[in-house]
Amino acid sequence: MKILGKFPTTRLRRVRNSDWLRRLVSDSNLSTNDLVLPIFLKEGKNKIEKIKSMPGINRYTVDKIPYILDKAKKFKIPMVALFPQTPDKKKNTNGTEALNENNLICKGIKLIKKKYNNLGVMTDVALDPYTTHGHDGVILNNKIDNDETLKILVKQAVLQAEMGSDVIAPSDMMDGRIGVIRKSLDKNKFVETKILSYAVKYASNFYGPFRDAVGSKSKLKGDKKTYQMDFRNKNESLREIALDIKEGADMVMVKPGMPYLDIIQLIKDNFKIPVFAYQVSGEYSLIKNGINKNIIDEKTIIETLYSFKRAGSNAIITYFADTINLDLLN
Ligand code: PBG
């Protein structure tokens, strides 16, 4: 690119010197229309429980989710994402609780679909909240078995669609899962159910607080490097996205968020499909603790969200969604 202009005829500060003009010439825009709010569910009744590793974030019993959903509605947040903390006694090696039509996720979907209109519900497809070993798939011969896992994931996805989930979000990183899930959804007449693929999901150290929140952290044996992506890799992200689009993904996600802005931009430049960024739990907790300790200002949150928009994200999944200071948006 040729750089035009020369000082003193060219002065870049000219378009920076007033608020009205900065607003007018800005490249990217952010509103609550861009945000997805994750919600953690827990069993029982009438409880809102703090999550220690995520200051400001709670687990809700299903009867209590209106407390946070009403806020989401007021903010005009388009979609929420549900995650369950499954009690230990309901976990097993194959994660069969994922297929129980009375599990937390199913109850959550039903309540939301009954009481709220024009609010999207997104649900994770993966086994880690339900397995005793904390992995996203089933283990055969000491390995996370791809094709055996697919058989369960397909059932999990169809069950969620039956309950009314709008957006099925496979977060398991098994090969071929988007294709088999799309096929089963269609076969079961859920042709309108959308798939948001966690297409580019890195084996990241930023997921720690989330695993604590869903209760899989102390359970997890080893790491997830045989299925989640190696964070040294970039080109592979293009292959992951291309395959998922071919298999039927409607939207794709890059995860985590901030350390992977280069990937978001790369995907946006190469594919014309809605891209979601997930500002994950570790990113949230670092920023939130920084704010709580007066190390950084609350305005930092908005700056991080704009970085996703600048990189090309259509939407952002963020634990800040229902608490951002709306006055800071413009
Ligand atoms: C489950 C899942 C994870 C996250 C979303 N879905 C954790 C993992 O893969 O270990 C992480 C979200 C976050 O850290 O905020 N497969």
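In what follows, the accompanying structure is described.

How each quantity is defined
- Residues numbered from 1 in each chain as written.
- Predicted model: local features only at pLDDT ≥ 70, side-chain atom pairs only at ≥ 80, totals over all residues.
- Heavy atoms only, no water.
- Helix = DSSP H or I, 4+ residues; strand = E, 2+ residues; numbered from the N terminus.
- Expected span 1.5 Å × (residues − 1).
- Buried < 20%, exposed > 50% of the residue type's maximum accessible area, 1.4 Å probe, protein only.
- Contact = heavy atoms within 4.5 Å.
- Patch = residues over 30% accessible without salt bridge, like charges linked within 9 Å, V, L, I, M, F, W, Y side chains within 5 Å.
- Areas by Shrake-Rupley, 256 points an atom, 1.4 Å probe, with all protein chains shown as cover.
- Salt bridge = Lys/Arg side-chain N within 4 Å of Asp/Glu carboxyl O.
- Near = heavy atom within 4 Å.
- Polar contact = N/O pair within 3.5 Å; in protein donor to acceptor, adjacent residues only side chain to side chain.
- Lys, Arg positive; Asp, Glu negative; His and termini not counted.

### Re helix α10 (residues 299-311)
Here is step 1: The terminal C-alpha atoms of α10 lie 19 Å apart, and with 13 residues this matches the ideal 18 Å at 1.5 Å per residue to within 8%.
Here is step 2: Looking at α10, one finds that the buried residues are I301, I302, T304, L305, Y306, S307, F308, K309 and A311.
Here is step 3: Of the surrounding secondary structure, the elements contacted by the buried residues of α10 are β1 (35-42), α8 (261-270), β11 (275-279), α9 (281-292) and β12 (315-318).
Here is step 4: Directly beyond the C-terminal end of α10, a positive phi value near 120° is found at G312.

### Looking at a nonpolar patch on the surface
Here is step 1: Taken together, the side chains of V15, W20, L24 and V25 make up a nonpolar region of the molecular surface, amounting to roughly 430 Å² of accessible area.
Here is step 2: Topologically, V25 is positioned in helix α1 (residues 19-25).

### Examining the site of the ligand
Here is step 1: The environment of the ligand is formed by 17 residues, the closest being K201, R211, K255, S281 and Y319.
Here is step 2: The contact in question runs from an oxygen atom of the ligand to an N or O atom on the side chain of Q228, over 3.0 Å.
Here is step 3: Contact with the protein chains removes 100% of the 400 Å² of surface that the ligand exposes when unbound.

### Some remarks on the side chain of D124
Here is step 1: Counting through the fold element by element, D124 comes out in strand β5 (residues 120-125).
Here is step 2: It turns out D124 is buried and unbridged, and the closest side chain with the opposite charge, K201, is 5.5 Å from it.
Here is step 3: Side chain to side chain, D124 and S171 meet in a polar contact 2.6 Å long.
Here is step 4: Sequence-distant contacts of D124, defined by excluding residues within four places in its chain, comprise L82, F83, Q156, Q160, A169, S171 and Y198.

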